[in-house]
Amino acid sequence: DIQRGRRRVPSLVQLCVDFVVSNFEYVESLGDIDNDIRVDISKELVARNKLDAKAFQALVDPSMEVLEIVDCSGIPQDVLAKTIDDLTSLRYLMLTHAGRVLGRKSVDSLIRSNTRLCCLAVSGAYLLADEDAAKLIDANPTLQSLAFDTCPLLGGNFVTSITKTSNLLELSLTEITLTDQSLKQLATSTEALRSVKNLTLKSMPGMTDSILTDIL
């Protein structure tokens, strides 16, 4: 890289990530590595259009507590569902561009694996049904951080499940279309929102000043 006329020497970590990604077809497992490095490898695989089903299986380790995938568009739902069955220690699940990967099979696997998630962040999950999202939240009463972005099928059941939580510290809803009734239900859920320290409600049709005032 050239920066202000000077050559920037890549770090040892960058060199290692580049080497691993360049030869990822030979990798069977990454084993127990730091999550930040795993995410760096994931990002580089996405940048090189190499994050497919086989690469995903090599990226994941059964003992991992954090599963963060920056672009799930190349991962089939069957593969995620099968992988989740083995992730009994999973505590943090963050899936971006979740598209086809997070649907009923994946949700059923998450519930069946008896994970106790602390953090669930999902974006672009157009297959995630309202009732499945609700089941997933209900099955994880330990949730402290919840974020959903552009998931078009979410609705009343999803909101009801949020109102039944009691440990939320962070709640983020972006581009989620809810009915006036569901928004009012969320606004009056004092038990679920009482401990929330970080609240994001963005690009939500139907949100009014009155409802927002009740939430705050």
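Up top is the structure these notes are about.
Residues numbered from 1 in each chain as written. Predicted model: local features only at pLDDT ≥ 70, side-chain atom pairs only at ≥ 80, totals over all residues. Heavy atoms only, no water.

A. Spatial organisation of the overall build of the protein. Looking only at helices and strands, the protein features 10 helices and eight strands. With the C-alpha coordinates aligned to their principal axes, the bounding extent of the protein is approximately 55 × 45 × 25 Å. Looking at the protein as a whole, 44% of its 216 residues are labelled buried. Taking the contacts inside the protein whose residues are at least 6 apart along the sequence as the reference set, 72% of them involve residues at least 24 apart. Carbon together with sulfur atoms contributes 50% to the accessible area of the protein, which is approximately 11,300 Å² in total. (Helix = DSSP H or I, 4+ residues; strand = E, 2+ residues; numbered from the N terminus. Buried < 20%, exposed > 50% of the residue type's maximum accessible area, 1.4 Å probe, protein only. Contact = heavy atoms within 4.5 Å. Areas by Shrake-Rupley, 256 points an atom, 1.4 Å probe, with all protein chains shown as cover.)

B. Quick peek at the nonpolar core. With 59 residues, the main nonpolar core has Leu67 and Phe148 as its most contacted residues. In terms of residue count, the dominant contributor to this core is helix H3 (residues 53-59) (five residues). Filtering out sequence-adjacent residues up to four positions away, Phe148 remains in contact with Leu120, Val122, Leu128, Ile137, Leu154, Phe158, Ser172, Leu173, Thr174 and Ile176. (Core = buried A, V, L, I, M, F, W, Y, C linked by side-chain atoms within 4.5 Å.)

C. Molecular detail of unusual backbone geometry. Unlike most non-glycine residues, Asn49 shows phi in positive territory, near 55 degrees. Tracing the sequence through the fold places Asn49 in the loop between helix H2 (35-47) and H3. Even without being a glycine, His97 presents a positive backbone phi close to 50 degrees.

D. Representation of the environment of Gly156 within the structure. Residue placement: Gly156 occurs in helix H7 (residues 156-163). For the pair Gly156 and Glu131, spaced 25 residues apart in the sequence, the C-alpha separation amounts to 8.7 Å. Dropping the residues within four chain positions of it, Gly156 is found in contact with Asp130, Ser182 and Gln185.

E. Spatial organisation of empty space enclosed by the protein. This structure, assessed with the given rule, holds one cavity of 30 Å³ or more. The volume enclosed by the largest cavity comes to roughly 40 Å³. Every residue along the wall of the largest cavity is listed here: Asn35, Arg38, Val39, Ser42, Leu59, Val60, Met64, Leu67, Glu68 and Ile69. It is H2 that contributes the most residues to the lining of the largest cavity, four residues altogether. For the lining of the largest cavity, the class distribution of residues is six nonpolar, two polar and two charged. (1 Å grid on protein atoms, 1.4 Å probe; cavity = no way out; pocket = protein on both sides within 12 Å on 5 of 7 lines; lining within 4 Å. Points joined across faces, edges and corners; volume = space filled by probe spheres on them. Nonpolar A, V, L, I, M, F, W, Y, C, P; charged D, E, K, R; others polar.)

F. The arrangement of the side chain of Asp130 in detail. With respect to the helices, strands and loops of the structure, Asp130 is situated in helix H6 (residues 130-138). One buried charged side chain, Asp130, makes no salt bridge at all; its nearest oppositely charged neighbour is Arg104, positioned 9.9 Å away. Not counting chain neighbours up to four residues away, the residues in contact with Asp130 comprise Leu153, Leu154, Gly155, Gly156, Asn157 and Phe158. (Lys, Arg positive; Asp, Glu negative; His and termini not counted. Salt bridge = Lys/Arg side-chain N within 4 Å of Asp/Glu carboxyl O.)

G. The arrangement of the packing of helix H1 (residues 12-22) against H2 in detail. Axis separation between H1 and H2 bottoms out at 10 Å; the angle between their running directions is 50 degrees. By the angle between their axes, H1 is oblique relative to H2. Between H1 and H2 lies a crossing whose hand is right-handed. On H2, the residues that touch Val17, Val20 and Val21 of H1 are Asp40, Ile41, Glu44 and Leu45. (Axes fitted to C-alpha atoms, helices over the stretch in contact; angles between N-to-C directions. Parallel < 35°, antiparallel > 145°, perpendicular 65-115°, else oblique. Left-handed = near helix turned anticlockwise from the far one by under 90°.)

H. Expanded view of the packing of helix H5 (residues 104-112) against H6. Two elements in contact, H5 and H6, have axes whose closest approach is 10 Å; the angle formed by their N-to-C orientations is 15 degrees. Between H5 and H6, the crossing angle belongs to the class labelled roughly parallel. H6 is crossed by H5, and the crossing has left-handed handedness. In this structure, H5 uses Arg104, Val107, Asp108, Leu110 and Ile111 to contact H6, whose residues at the interface are Glu131, Asp132, Lys135 and Leu136.

I. A look at the packing of aromatic side chains. Tallying each qualifying case throughout the model produces one aromatic pair. Relative to Phe158, the ring of Phe148 has its centre 4.9 Å away and its plane inclined at 75 degrees; by these criteria the two rings are edge-to-face. Residue Phe148 is found in strand S6 (residues 145-149), and its partner Phe158 is found in helix H7; the two are separated by 10 residues along the sequence. The buried category is assigned to Phe148, whose relative accessible area is 2%. (Phe/Tyr/Trp six-rings, centres within 6.5 Å; stacked < 30°, edge-to-face > 60°.)

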